[in-house]
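# Structural features, examined
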Amino acid sequence: MTEELPGFVRRAFLPSPEGRAVAALAWSCDGRRLATAGLGGDVWEIDGFEARHAFTFGAPREDHFQVTWSPVDPGLFVYVEKHRIVGARVASHGRRAERLWSIPYESDRSLRPVVSFSPSGDRIVVATGEDHVDIFSIADGAKTGSVPAGGYALGALSSPATSEILFLHHGSVSLAESSLLRARTGNPVRWAAWSPDGKAYAIGTEDPVIRVVGAGLSAVTLEGHTAGLLSVEFSTDGRLLFSVGLDGTLRLWRTDTWQMVGRVDVGETHEFVGGLAAAPGRPVLARRSINPTGVELYEVVLQRLVEPDERPRTYANAKVVLLGDTGVGKSGLAMVLAGEPYAPTDSTHARKVRTFDACEVERPDGSVERREILLWDMAGQPAYRLVHQLHLAEVAAALIVFDSRSEIDPFAGVHYWVRAMRLRADVPLILVAARTDIGGRPVGRVRVDGIRDGLGLAGYFETSAREGKQIAEVAAAIREVIDWSSLPRSVSSDLFESIKSFVLREAVSRQMATTADLFRAFQPQAAEVGEQELRASFDTCVRVLELRDLVRRLSFGDFVLLRPELLDSYAAALVIAARDQPDGLGNIAEDDALAGRFPLPAEDRLPPAEERLLLIAVVEELLRHDLVLREPTVDGVDLVFPSQLTVDRPDSPEQEAADIIFRFDGAVQSVYATLAVRLGHVPEYRRVGMWRDASDYRARVGGVCGLRIRQVQEGRGELTVYFSAAASEQTRFLFEEYVRQHLEARAVPGSVERDRVFTCPGCAYRVPVDLVRRRQARGNRDMACPDCEDVRISLLDREERLPRPEVRQMNASADLTRDRSAATASVLGKEQTRDYDVYVSFDQSDSAVAADLVEQFRQVGLLACVSSDDTGQSGIRLKMAQSRAVAVLLSPMGVWRKQIDELTAAHDEHLKRPGFRVVVIDLPGAEGAELPDFERMVYVSLGEGFEPIRQAITGDRPRDEFPLKPEAG
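Residues numbered from 1 in each chain as written. Predicted model: local features only at pLDDT ≥ 70, side-chain atom pairs only at ≥ 80, totals over all residues. Heavy atoms only, no water.

Under an unreviewed UniProt entry, the name given to the chain is WD domain-containing protein, G-beta repeat-containing protein, and the source organism is Paractinoplanes atraurantiacus.

Dropping the structure here:
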């Protein structure tokens, strides 16, 4: 059960009737009823802390995934079943619920909030996984409209006080209205909650930090949990935030100081998302428990919660990037801005981070906040543009640097970088002319002012790093434009801050290390903390530093790259090598890439052993970000960069073909490269040709679909989509929709424009776009061909004739293929470092089954090891120690002698490492076979498929899908 603390005491436990699983819970608006949903639904009447079961609702022993009460009517609630959403009202005698209406709905078994009441209680918002949410009347369940969600909405939460709707996407949240800040989380969003006043929301993801975002509130990152989040919930008076995580703790945070004021150990009783509900008007928190099954009720007394001895430590970091083409003087400028003496520099490779300013300020609550401004000097060579897109998140300000005395184009790169930064919301941009001490005629001030005003830049300065000209003024401008109130603040403990400072100091003397080595070096500095707790905190801090892009954890060998900018320099070198390939095919052999057989200055290379590991990580990074294709050839495997092809397309009609023209702002080549790579991963389309700025794909059902990209201005692209005559209307619409959604997701928000090209089916005359628009504005549905005048041309667009196609499955297929490509690099790294995920124990008679499993493990990035018949006990134990789990294949005859030795070794390993997993895989006919009885073994059947086996091996089961039905056996 749970451990208690003063001010947060468990007052009651509501056992689930018949031990039925509880998935979700919710309070009525008067705080007198508590509803639970799971394997069936139940309503409890609560008087103080006395609880009485009132009635059940919904289909008995059927899955129920969510329940929510009206915010204004204590007798009205809505619940979600597998195939419907149901509105219900509590009968006047309070002993049953009467169904009011039902809405057809197909649940994906997720526990995410998909239904939410509006503040007035007269309608509900329903997320169906589409790029919009539907609105239904609570009176009769009739659909009254829909709201665009800015991407596929996996969940939706109406603000309790405003018209805002918070949409939960795979790696971000967004709002129907933009008065609050948007937040990109990177990792899947597990849960979110609004503050009672609707001014802020909290987000929990797979990361061990809580993000709080809101209007008039500095974005806050709360550090303390040592594993991913499962749920967050505000108290109904808004003074506390509750959180529960996979570290087995429930934590309480004050919302005025964001200080953690309580921690309760709940162990493994809270393994799935959600499951917290604060009672309206009462200091009570309800928490779902799965072992034992039921609901715990806690009394919360804020005044009795013990304040920790130490005040919370807050840290705010302002990331200021210096952007511009190569050779314009960014490095010299960054050097003197950081207080270093000027020295001539060569062109920067990768990026270099310098500290511009660091200070401590006292906050209104008396706490001290440490603030740092870091200058990120980004390399300007064109090859780095693909890579830089990965590092432009959470920028506080940017200096757009140019060479005002360039005789070719002084503003080269300025428009590109401005548009690239517009992808990251409204970041203050300062225009800086560098190297003004160099001879030559400077660009005129009138032209500069036109550029500054036209692009909406925050200021303009003419500088010389050598002479110190206007350096102080630029420094003052940087400090002035940084809005500290809008930047994320991290709230953490002294221990967390000391760990993070230690890791960053280590980066000065070495480039790469294992987490274990770093931990051993730090451990004497915190000898008073228990080893297990300290290691969990240490690992969490490394993850937090990775979120800030200050270190990078590799996917193998427990390695941490302490200088992540090395990834950039090696990645850019690969891009250049592919671009310079003599045949113009934009590729490099994977073996050459992994062996470092490409140009890179000797002084920029790592020692061979470290370089080998870094190159594996670089290839994995490029594959995971859809920047490169992994293509098998007769000679091995090539890495193909679509943006680096220099071979021109042979003369063909497709060079001028055009059916749809998209225009957009952003990183044009990066947007096109990721589109070409992802289309190469989609089974519906097979790539049949790729050239400089163009690619063709043959649809599985017939016909060719093609792309042609053109940069009309720096940072302004024109993407033409064309089709062969054999491509059906549905094929064309599906391809077009996939392209549109890709552009909407990766271009500057609001910049995507689309024009349909109308062509005469008789003479092939292409009707000018402006003429089409004028005719459509008049309401014309067709027009006579202006050229041949014999044929009428339909002016109806596809969405006016066809239902909008579904492209989610295409994206899922692209993700799967991409992940499997990246897995090849991850497995290679694990082989190099002998970092095994699972030891496979089997009898030789089952070797074919074992070999098949080992190959399936490799495809998802898991490395398996096996032992031969002559492996002794010492060899078995060594391989167990190098693995994270053991999989025992159980045949109908039971386990064999060698497997008993392996099970004994696995049991001993689990005693040393509680996280070591022992998984028994039942082969066909093995049910009932005898097996030694060891603790903590997990059983799974081969007949269930590979995914349950993978989840058992990794412990990475879905936390948002509750196993409502009892498991067989």
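## Thoughts on the overall build of the chain
Quick note on the threshold: The way it works is that DSSP assigns letters per residue, a run of H or I at least four long becomes a helix, a run of E at least two long becomes a strand, and they are numbered from the N terminus. For the radius of gyration, the atoms used are the C-alpha atoms, and the globule rule reads 2.2 Å times the number of residues raised to 0.38. Residue burial is assigned from relative accessible area. The probe radius is 1.4 Å, only protein chains are included, and a residue is buried under 20% of its type maximum, exposed over 50%, and partly exposed in between. Should any heavy atoms of two residues lie within 4.5 Å, those residues are counted as being in contact. Computed by Shrake-Rupley with a 1.4 Å probe, the accessible areas treat only the displayed protein chains as cover when residues are assessed. We treat Lys and Arg as the positive residues and Asp and Glu as the negative residues; His and chain ends play no part in the count. Note that the charge is assigned to NZ on lysines, CZ on arginines, CG on aspartates and CD on glutamates.
Across its full length, the chain carries 19 helices and 54 strands. A compact globule built from 969 residues would reach a C-alpha radius of gyration of about 30 Å, and the chain, at 30 Å, matches this within 12%. Each of the three principal axes of the chain carries a C-alpha extent, and together these read 85 × 70 × 70 Å. Taking all 969 residues of the chain together, 55% fall into the buried category. Partitioning the contacts of the chain with sequence separation of at least 6, the portion at a separation of at least 24 is 61%. For the chain, the accessible area works out to roughly 40400 Å², and carbon and sulfur atoms hold 48% of it. Mean positive and mean negative side-chain charge positions of the chain (115 and 141 charges, respectively) differ by 3 Å.

## Remarks on the sheet that holds strand β1 (residues 8-15)
Selection rule: Here, a strand pair is defined by DSSP locating no fewer than two bridges between the strands. Whenever a helix is involved, its axis is fitted only over the stretch in contact; in every case the axis is a line through C-alpha atoms, and angles between N-to-C directions fall within 0 to 180 degrees.
Read across the open sheet, the four strands follow the order β1-β28-β27-β26; overall the sheet is antiparallel. Of all the strands in the sheet, the pair left with one neighbour each is β1 and β26 (276-278). Adjacent strand axes in the sheet meet at a mean angle of 25 degrees, parallel and antiparallel pairs treated alike. Across seven bridges, β1 lies against strand β28 (residues 293-300) in antiparallel orientation. The residue of β28 that forms the bridge with L14 is V295.

## Digging into the domain arrangement of the chain
To keep things clear, this is the line we draw: Residue ranges for the domains trace back to a domain assignment, done automatically or taken from a database.
We note that the domain assignment places domain 1 (3-304), domain 2 (313-481), domain 3 (493-561) and domain 4 (834-961) within the chain. The C-alpha centroid of domain 4 is placed 54 Å from the C-alpha centroid of domain 2.

## Here's the deal with the UniProt feature "repeat: WD" (unreviewed entry) in the chain
The criterion, for reference: UniProt positions are given in the numbering used here, feature names are shortened, and annotations may be inferred rather than shown by experiment.
The UniProt record annotates "repeat: WD" (unreviewed entry) at residues 222-263. With 0% helix and 57% strand, residues 222-263 has its two end C-alpha atoms placed 14 Å apart.

## Looking at the packing of aromatic side chains
Keep this limit in mind: Here a Phe, Tyr or Trp ring, Trp counted by its six-membered ring, pairs with any other such ring whose centre lies within 6.5 Å, and the pair is stacked when the planes are under 30 degrees apart, edge-to-face when over 60, and tilted otherwise.
Tallied over the full model, the rule gives 18 aromatic pairs. Aromatic side chains Y697 and F735 sit 6.3 Å apart centroid to centroid with 40 degrees between the ring planes, which places their arrangement in the tilted category. Highlighted residues: Y697 in strand β44 (residues 694-699) and F735 in helix α13 (residues 729-746), separated in sequence by 38 residues. Residue class for Y697 comes out buried when judged on its relative accessible area of 0%. The exposure class of F735 is buried, given its relative accessible area of 0%. The structure contains a cluster of three or more aromatic residues connected by ring pairs, namely F57, W69, F77 and Y79.

## A closer look at the sheet that holds strand β22 (residues 229-234)
What the four strands build is an open sheet, ordered β22-β23-β24-β25; its pairing is antiparallel. Each edge of the open sheet carries a strand with a single partner, namely β22 and β25 (260-265). The average undirected angle you get between the axes of adjacent strands in this sheet is 15 degrees. With five bridges connecting them, β22 and strand β23 (residues 240-245) associate as antiparallel partners. Bridge pairing in β23 links V232 to S243.

## Quick word on the nonpolar core
As a reminder, the rule being used: In this text, buried Ala, Val, Leu, Ile, Met, Phe, Trp, Tyr and Cys residues form a nonpolar core when linked through side-chain atoms within 4.5 Å.
The biggest cluster of nonpolar side chains holds 49 residues, and the ones touching the most others in it are V321, L323, I400, V414, M421, L431 and F538. Composition of this core by domain shows at least three residues from each of domain 2 (313-481) and domain 3 (493-561). Aside from chain neighbours lying at most four places away, what touches I400 is L323, V414, W417, V418, L429, I430, L431 and V432. M512, F556, L627 and A673 belong to the second largest nonpolar core, which has 39 residues in total.

## Thoughts on unusual backbone geometry
With a phi angle near 65 degrees, D558 is a residue other than glycine that sits in the positive phi range. Relative accessible area serves as the criterion here: at 34%, D558 is assigned to the partly exposed category.

## Quick look at the pairing of strand β45 (residues 704-713)
Remark: a regular strand shows side chains that alternate across the two faces of the sheet. As paired elements, β44 and β45 share five bridges and run antiparallel to each other. Note on β45: the bridge partner recorded for Y697 is C705. The turn linking β44 back onto β45 is made up of four residues, and G702 within it adopts a positive phi angle of 115 degrees. Sheet analysis places β45 next to strand β46 (residues 716-723), joined by eight bridges and oriented antiparallel.

## Overview of empty space enclosed by the protein
So the rule is basically this: Points on a 1 Å grid, built from protein atoms alone, make a cavity when a 1.4 Å probe fits but cannot get out and make a pocket when they are open with protein on both sides within 12 Å along at least 5 of 7 lines; residues with an atom within 4 Å of a point are the lining residues. Grid points are joined across faces, edges and corners, and a volume is the space filled by probe spheres set on the points. When residue character is reported, Ala, Val, Leu, Ile, Met, Phe, Trp, Tyr, Cys and Pro are called nonpolar, Asp, Glu, Lys and Arg charged, and the others, Gly included, polar.
In total, this model carries three cavities of 30 Å³ or more according to the counting rule given. Split into classes, the residues belonging to the lining of the largest cavity amount to six nonpolar, one polar and three charged.

## Examining the side chain of T674
Stated precisely, the cut-off is as follows: Here a polar contact is taken to be a pair of N or O atoms separated by no more than 3.5 Å, where protein atoms must pair a possible hydrogen donor with a possible acceptor and residues adjacent in sequence count only if both atoms sit in side chains.
Along the polypeptide, T674 turns up in helix α12 (residues 668-681). Overall, the relative accessible area of 7% leaves T674 in the buried class. A distance of 3.1 Å separates the side chain of T674 from the side chain of H742, its partner in a polar contact. Among all residues touching T674, those that are not within four sequence positions of it are H625, D626, L627, H742 and R746.

## A look at the pattern of salt bridges
The condition that has to hold: Criterion for a salt bridge: a side-chain nitrogen of Lys or Arg within 4 Å of a carboxyl oxygen of Asp or Glu.
Throughout the structure, instances matching the rule amount to 75 salt bridges. E546 is paired through a salt bridge with R553; the nearest N and O atoms lie 2.8 Å apart. What makes R553 partly exposed here is its relative accessible area of 38%. Residue E753 is joined to R716 by a salt bridge in which the shortest nitrogen-to-oxygen separation is 3.3 Å. Highlighted residues: E753 in strand β47 (residues 753-756) and R716 in strand β46, separated in sequence by 37 residues. Here the residues in one salt-bridge network are E620, R624, D626, R678, D815, R818 and D819, joined through shared partners.

## With respect to the confidence of the model for the chain
The condition that has to hold: Known as pLDDT, the predictor's confidence for each residue is given on a scale from 0 to 100.
Looking at the chain, pLDDT values average 87 and 93% of them are 70 or higher. The low-confidence segment residues 178-182, where pLDDT is below 50, has 20 contacts with residues more than four positions distant or belonging to other chains. Considering only residues more than four positions removed or in separate chains, one finds that residues 965-969, a stretch of pLDDT under 50, has three contacts.

## Notes on the packing of helix α11 (residues 608-624) against helix α15 (residues 808-833)
Under the convention used in this document: With respect to orientation, any angle under 35 degrees is reported as roughly parallel, any angle over 145 as roughly antiparallel, any angle of 65 to 115 as roughly perpendicular, and every other angle as oblique. By convention the crossing between two helices is left-handed if the near helix lies anticlockwise of the far one by an angle smaller than a right angle, and right-handed if it lies clockwise.
Following both chains from N to C, one finds α11 and α15 inclined at 170 degrees, their axes separated by 8 Å at the closest point. The angle between α11 and α15 places the two elements in the roughly antiparallel class. Relative to α15, the crossing made by α11 is left-handed. The residues of α15 that touch α11, namely those facing R612, L613, I616, V619, E620, L623 and R624, are R818, D819, S821, A822, A823, A825, S826, L828, G829, Q832 and T833.

## Observations concerning the side chain of S235
Relative to the helices and strands, S235 resides in the loop between β22 and β23. A polar contact is formed between the side chain of S235 and the side chain of D237, at a distance of 2.6 Å. In this structure the side chain of S235 is engaged in a polar contact, spanning 3.3 Å, whose partner is the backbone nitrogen of R239. In this structure, S235 is in contact with P196, L240, F242 and A278, ignoring residues within four places of it in sequence.

## Details of the pairing of strand β40 (residues 629-633)
The sheet contact formed by β40 and strand β41 (residues 636-640) spans five bridges and is antiparallel. Residue pairing for β41: P632 is matched across the bridge by V637. Between the end of β40 and the start of β41, which pair antiparallel, lie two residues.

## Considerations on helix α19 (residues 946-954)
The periodicity of an α-helix, 3.6 residues per turn, causes residues three or four positions apart to be oriented the same way. By the burial criterion, the buried members of α19 are F946, I949, R950, Q951, A952 and I953. Against the buried residues of α19 lie β50 (838-841), α16 (847-859), β52 (885-890), β53 (917-922) and β54 (937-941). Positioned one or two residues after α19, G955 has a phi angle of 70 degrees, which is positive.

## As for the environment of R239
Within the secondary structure layout, R239 lies in the loop between β22 and β23. Placed 17 residues apart in sequence, R239 and D256 show a C-alpha to C-alpha distance of 7.1 Å. Not counting residues within four places of it along the chain, the set of residues in contact with R239 comprises W253, R254, T255, L302 and Q303.

## Description of the environment of A278
Mapping A278 onto the fold places it in strand β26. Through-space distance from the C-alpha of A278 to that of L297 is 9.7 Å; in sequence the pair is 19 residues apart. When neighbours within four sequence positions are excluded, A278 is seen to be in contact with W27, E233, F234, S235, T236, V284 and L285.

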